[in-house]
Each structure stands twice: as structure tokens, then as C-alpha cells.
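Notes for the structure review
Each chain is listed here by its residues.
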Amino acid sequence: MNTTPIVDCLRQAFDYYNDLIFGSRLPVPKLKWSYSKTRLGQMTCKRKMDSGRTTYYDYCISVSSYYQLTLEEIDDVLIHEMIHYTIAYTGLKDTSPHGIVFRGMMDKINRTFDRHITISMRTRNLQPRIAQQTKNFLILAIEMKDGKYFLSSVNPSFARKLSLSLARMHEIAHYAWYQSQDEYFHNMPCVRSLRGKQVSKEVYTTMIEKMKRLK
């Protein structure tokens with residue numbers, strides 16, 4: 001069941017899994033929800049050096065509420081970060097952030113408690129809790145005389161400046177401005193200069209056929 005998390009859920013879940021899995025050894029860190037699109041969870045802490053010895057303190061575990069996750073998935077993210085917390089708090093040395101020690105603890109917890117903790121969870125196919133608004137993109141399509149094709153998502157404030165530059169470029173065989181709401185352009189940088197993504201003729205033709213040409 002997808003549910004909107006509330007602040008107390010993290011503390012309740014932390015206390016429950018601290019008792020069940022970690023033997024109540026972990027002091028309660030700062031717990032918070034984030035709105036991260038790229039990290040479902042994160043464990044952070046500060047450190048200081050004293051006489052050549054590193055001391056860690058001010059631990060914080062955050063879990064993202066950006067995506068529609070089930071409570072089971074949220075708990076798996078939390079436990080993942082609690083493993084990081086355990087390793088840092090107890091001073092264990094691992095071969096990497098998700099090294100031998102981490103993987104050993106993760107596999108044991110999965111087997112013992114029937115969890116589904118992973119090294120990382122892909123966010124690509126996850127749905128945001130709040131549907132993203134449709135965005136209009138200003139697209140510049142350029143065909144070069146040497147047979148290359150480019151598509152650019154352009155900052156509208158710089159369209160006039162770019163049009164003046166385009167008129168002076170003899171290497172260009174043809175160009176046109178379009179408007180699009182296609183997901184294809186969501187991860188494309190919004191440029192202010194003549195920069196773009198080189199594409200094949202097939203992609204170029206397909207995209208301009210789907211877009212609305214501007215006069």
C-alpha cells in the first residue's frame with residue numbers, strides 16, 4: 001500500500017528495527033525525510049581527528065519521500081542506512097561503501113528477516129508522489145551541410161540571440177524552432193548558446209514530426 005509518510009514513522013521504524021535486528025545497540029540519530037530524486041536514503045556523519053584517531057559524531061539518516069514507495073520498501077531503505085550507521089558507529093573497517101562487511105550484514109538480514117535490501121534501488125521506473133507538471137520545451141533543430149543533425153533545448157530568453165548567430169553560420173543547411181512536451185527533452189540541458197545533442201537522421205526526423213513548428 002502506498003502511503004504518505006509522517007515524521008513519527010521513521011522514529012518508530014528505527015526503534016523497531018534497532019531492537020529486532022541490531023540488538024538495541026544504536027543510539028537514535030537525527031532522522032528526517034528528504035525530497036531527493038537521486039538518493040532514496042543516506043547516512044551522514046561528521047568526523048574529527050584527535051591524536052591521529054578519527055571520531056565520528058552527529059549521525060543523520062534521511063529517507064526520500066519523493067517517490068511512491070510501499071512501507072516495506074521504505075523500511076528496506078531505512079535498514080540499508082542503519083547498516084551504514086552500524087559500520088560507522090562501531091568503527092568497523094570495510095573494503096568500500098558497500099564492501100564485504102556491508103554485503104555480509106545485508107545478506108544475513110535478508111535471509112534472517114525475509115527482507116529485500118539491495119545495494120541500490122533504481123529510481124528510473126519509480127513514480128513521484130506528486131505528478132510532475134507538463135513542461136513546454138523550446139527546441140532548436142539544426143541540419144548541417146556535412147550531414148550531421150542536432151537538437152537543442154533552448155532557454156527562451158536566449159532564442160533571439162541564437163537566431164542572429166544562426167543567420168551568420170554558413171555551415172548550416174537548415175534550422176527551425178519547435179515546441180515540445182516530449183519526455184525525450186527532460187534530461188537535456190537547457191542551453192543559452194549554440195550547443196546541442198547530435199542525433200541520427202532517423203531520430204531527427206522522428207522528433208520533428210512529433211513537435212509543433214513555430215513560425
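In the block above lies the structure referred to throughout.
Rules of the game
In every chain, residue numbers begin from 1 and rise along the written sequence. Owing to the predicted nature of the model, reporting of local features is limited to residues with pLDDT of at least 70; listing and counting of side-chain atom pairs is limited to 80 or more, with chain, interface and lining totals taken over all residues. Hydrogens and waters are ignored; side-chain quantities use all the structure's heavy atoms. When a carboxyl oxygen of Asp or Glu lies within 4 Å of a side-chain nitrogen of Lys or Arg, that pair is called a salt bridge. Think of it this way: any DSSP run of H or I at least four residues long counts as a helix, any run of E at least two long counts as a strand, and we number them from the N terminus. A 1.4 Å probe rolled over the protein chains alone gives each residue an accessible area, and that area as a share of the maximum for its type sets the label: buried under 20%, exposed over 50%, partly exposed in between. Here the nonpolar core consists of buried residues drawn from Ala, Val, Leu, Ile, Met, Phe, Trp, Tyr and Cys, with membership extended through side-chain atoms lying within 4.5 Å. Here, two residues are considered to be in contact whenever any of their heavy atoms come within 4.5 Å of each other. A 3.5 Å cut-off defines polar contacts: any pair of N or O atoms within that distance qualifies, except that in protein one atom must be a possible hydrogen donor and the other a possible acceptor, and neighbouring residues in sequence count only when both atoms are side-chain atoms. Strands qualify as paired when DSSP identifies two bridges or more between them. Only the contacting stretch of a helix is used when fitting its axis, a line to C-alpha atoms as for every element, and angles between N-to-C directions run 0 to 180 degrees.

**Observations concerning the pattern of salt bridges**
Within this structure, the stated rule accounts for 5 salt bridges. Arginine 11 is the salt-bridge partner of aspartate 15, the closest N and O atoms lying 2.9 Å from each other. Taken together, the residues span about one helical turn, with aspartate 15 and arginine 11 both in helix α1 (residues 7-20) at a distance of 4 residues. The exposure class of arginine 11 is partly exposed, given its relative accessible area of 41%. With its nearest N and O atoms 3.2 Å apart, the salt bridge here joins lysine 46 to aspartate 58. Here the residue lysine 46 occupies a position in strand β2 (residues 41-50), and aspartate 58 occupies one in strand β3 (residues 53-64), the gap between them amounting to 12 residues. What makes lysine 46 partly exposed here is its relative accessible area of 44%. The class for aspartate 58 is partly exposed, based on a relative accessible area of 42%. Each of the salt bridges in this network shares a partner with another, and the network as a whole consists of Glu72, Asp76 and Arg115.

**Quick word on the nonpolar core**
In this structure, Phe22, Ile61 and Met82 are the most contacted members of the largest nonpolar core, which totals 30 residues. Here this core takes 9 residues from helix α2 (residues 71-90), the largest share from any one element. One finds Ala141, Ala176, Tyr204 and Met211 within the second-largest nonpolar core, a separate group that totals 13 residues.

**A word on the environment of histidine 84**
Tracing the backbone through its elements, the reader meets histidine 84 in helix α2. Filtering out sequence-adjacent residues up to four positions away, histidine 84 remains in contact with Met43, Pro97, His98 and Phe102. In this structure the side chain of histidine 84 is engaged in a polar contact, spanning 3.2 Å, whose partner is the side chain of histidine 80.

**Focus: the sheet that holds β3**
Taking strand neighbours across the sheet as the criterion, the 3 strands line up as β1-β3-β2 in an open arrangement whose pairing is mixed. Here the strands that pair on one side only, and so sit at the sheet edges, are β1 (30-34) and β2. The average angle at which neighbouring strand axes cross in this sheet is 30°, direction not considered. The pairing of β1 with β3 spans 5 bridges and is classified as parallel. Across the sheet, leucine 31 pairs through a bridge with isoleucine 61, a residue of β3. Contacting β1, β2 and β3, α2 crosses the sheet at an angle of about 175° to β3.

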